[in-house]
Amino acid sequence: MGFRYLLMAVLHFAFAAGPLWPGPPALADEPSNDLIEKGREVFLTVAGVGCAECHGRYAEGDLGIGPFNRGATEANIRGALQKVDPMKIIRDEMTDEKIVQVAAYFRWMGELQLVKTMYKQGRFIANEVSIYPGTAIQLAVQNASFEPHTFASDPMGIKPFRVNSRDFGDLTWRAPDNEGVFELRCTDCGSDGKLTIRVSRSAKPHVPSRPVLKSQAATSSSEGGC
Ligand code: HEC
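Keep in mind it's a predicted model, so treat the numbers as computed, not measured.

Trainee: Which residues make up the packing of aromatic side chains, and what are the values?
Mentor: As enumerated under the stated definition, the model contains nine aromatic pairs in all. Here tyrosine 105 and tryptophan 108 contribute two aromatic rings whose centre-to-centre distance is 5.7 Å and whose plane-to-plane angle is 20 degrees, an arrangement assigned as stacked. Remark: tryptophan 108 and tyrosine 105 occur in helix H6 (residues 96-111); sequence separation between them is three residues, near one turn of the helix. In this pair, the class of tyrosine 105 matches that of tryptophan 108, namely buried. Summarising the aromatic geometry, the rings of tryptophan 173 and phenylalanine 182 are spaced 5.3 Å apart at their centres and angled 70 degrees between planes, so their arrangement reads as edge-to-face. Each member of the pair tryptophan 173 and phenylalanine 182 is classed as buried. Through pairs of rings, three or more aromatic residues link up here, namely Phe43, Tyr105, Phe106 and Trp108.

Trainee: Lay out the pattern of salt bridges in plain terms, naming residues and giving numbers.
Mentor: By the definition in use, this model includes ten salt bridges. The residue arginine 78 makes a salt bridge to glutamate 74 at a minimum N-O spacing of 3.0 Å. Note that arginine 78 and glutamate 74 are positioned in helix H4 (residues 74-83) at a spacing of four residues, about one turn of the helix. Taking the relative accessible area as the measure of exposure, glutamate 74 reaches 31% and is therefore partly exposed. Arginine 198 is the salt-bridge partner of glutamate 128, the closest N and O atoms lying 2.6 Å from each other. Highlighted residues: glutamate 128 in strand E3 (residues 128-131) and arginine 198 in strand E9 (residues 194-199), separated in sequence by 70 residues. A residue is classified by how much of its surface remains accessible, and arginine 198, at 33% relative accessible area, is partly exposed. Put simply, Glu60, Asp62 and Lys116 are held in one network by salt bridges that share partners.

Trainee: Can you break down the coordination of the iron atom of the ligand residue by residue, with the values?
Mentor: Protein-derived coordination of the iron atom of the ligand comes from His55 (NE2) and Met87 (SD), at a distance range of 2.0 to 2.4 Å. The coordination sphere of the iron atom of the ligand comprises six donor atoms, whose angles at the metal cover 87 to 178 degrees; the geometry is octahedral. Placement of histidine 55 in helix H3 (residues 52-55) and of methionine 87 in the loop between H4 and helix H5 (88-91) is noted, with a sequence separation of 32 residues between them. Neither residue differs from the other here; histidine 55 and methionine 87 are each classed as buried.

Trainee: How would you sum up the pairing of strand E5 (residues 149-153)? Please name residues and give values.
Mentor: By the criterion of burial, E5 is predominantly enclosed, with five of the five residues buried. In E5, alternate side chains face the same way, and those of His149, Phe151 and Ser153 on one face and Thr150 and Ala152 on the other are all buried. The pairing of E5 with strand E6 (residues 158-163) spans four bridges and is antiparallel. Across the sheet, the residue bridging to phenylalanine 151 is phenylalanine 161, located in E6. Connecting E5 to the next strand, E6, in antiparallel fashion are four residues, including glycine 157 with a positive phi near 75 degrees.

Thresholds, definitions, all that
- Residues numbered from 1 in each chain as written.
- Predicted model: local features only at pLDDT ≥ 70, side-chain atom pairs only at ≥ 80, totals over all residues.
- Heavy atoms only, no water.
- Phe/Tyr/Trp six-rings, centres within 6.5 Å; stacked < 30°, edge-to-face > 60°.
- Helix = DSSP H or I, 4+ residues; strand = E, 2+ residues; numbered from the N terminus.
- Buried < 20%, exposed > 50% of the residue type's maximum accessible area, 1.4 Å probe, protein only.
- Salt bridge = Lys/Arg side-chain N within 4 Å of Asp/Glu carboxyl O.
- Donors = N, O, S within 2.8 Å, 3.2 Å for Na, K, Ca; no water.
- Tetrahedral: all angles 85-135°; square planar, octahedral: opposite > 155°, others 65-115°.
- Pairing = 2+ DSSP bridges.

This is the structure in structure tokens:
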């Protein structure tokens, strides 16, 4: 994927993020929303690339450059900034303040199970997911079509949210403690495509991400990173 395209998408989202950001679910011992939102901005934009450029938009490591690192701690991040060569390009811009902000965002991401889907040509890919009751998810919708679209689900309590063409939107949702089947739909697509979310005890429970960092596995250094 072209760097410029990705950068545009990232910047674009940074400006469009407001209304798509209903705030995280109430998690125990949670850093303030303000800190998380600032951290998200650092994650998406720092040094013109953001962490997202290498670690993936949701820190899921899907680009094959930087690894999945949702849940990385402040110590992990400081260690990586020192030791990971490609991360040199952001090092100078990562002030203490930004490190604290981005660490809050990583911690918050680590608590949430990432559920990603893409809307394309009238359907969702993936179009069905199973999650364990009570799980808090970060639900990310990529709109891969050429028009902006609106997505919503009354039963899930998800108010209509718009995702621009070739862009991403995400929100948080906590599954109920009882089993059930929910649907997210595109409200202005004129198609009957839907994302089915099964809340089921047979789903794999989400384990909050606490990545075992290579450096920690290899040595007993407390610094983390790579
Ligand atoms: C230019 C690409 C690039 C950017 C930008 C980048 N990273 Fe990395 N990052 C990497 C690579 C590559 C590794 C893995 C290095 C290795 O495994 O040796 C890594 C590793 C890490 C690790 C250690 C993960 C582990 O499992 O060992 C953390 C934590 C991390 N990065 C955080 C961040 C944060 C926070 C940002 C943004 C502030 C960021 N990175 C931006 C490329 C990048």
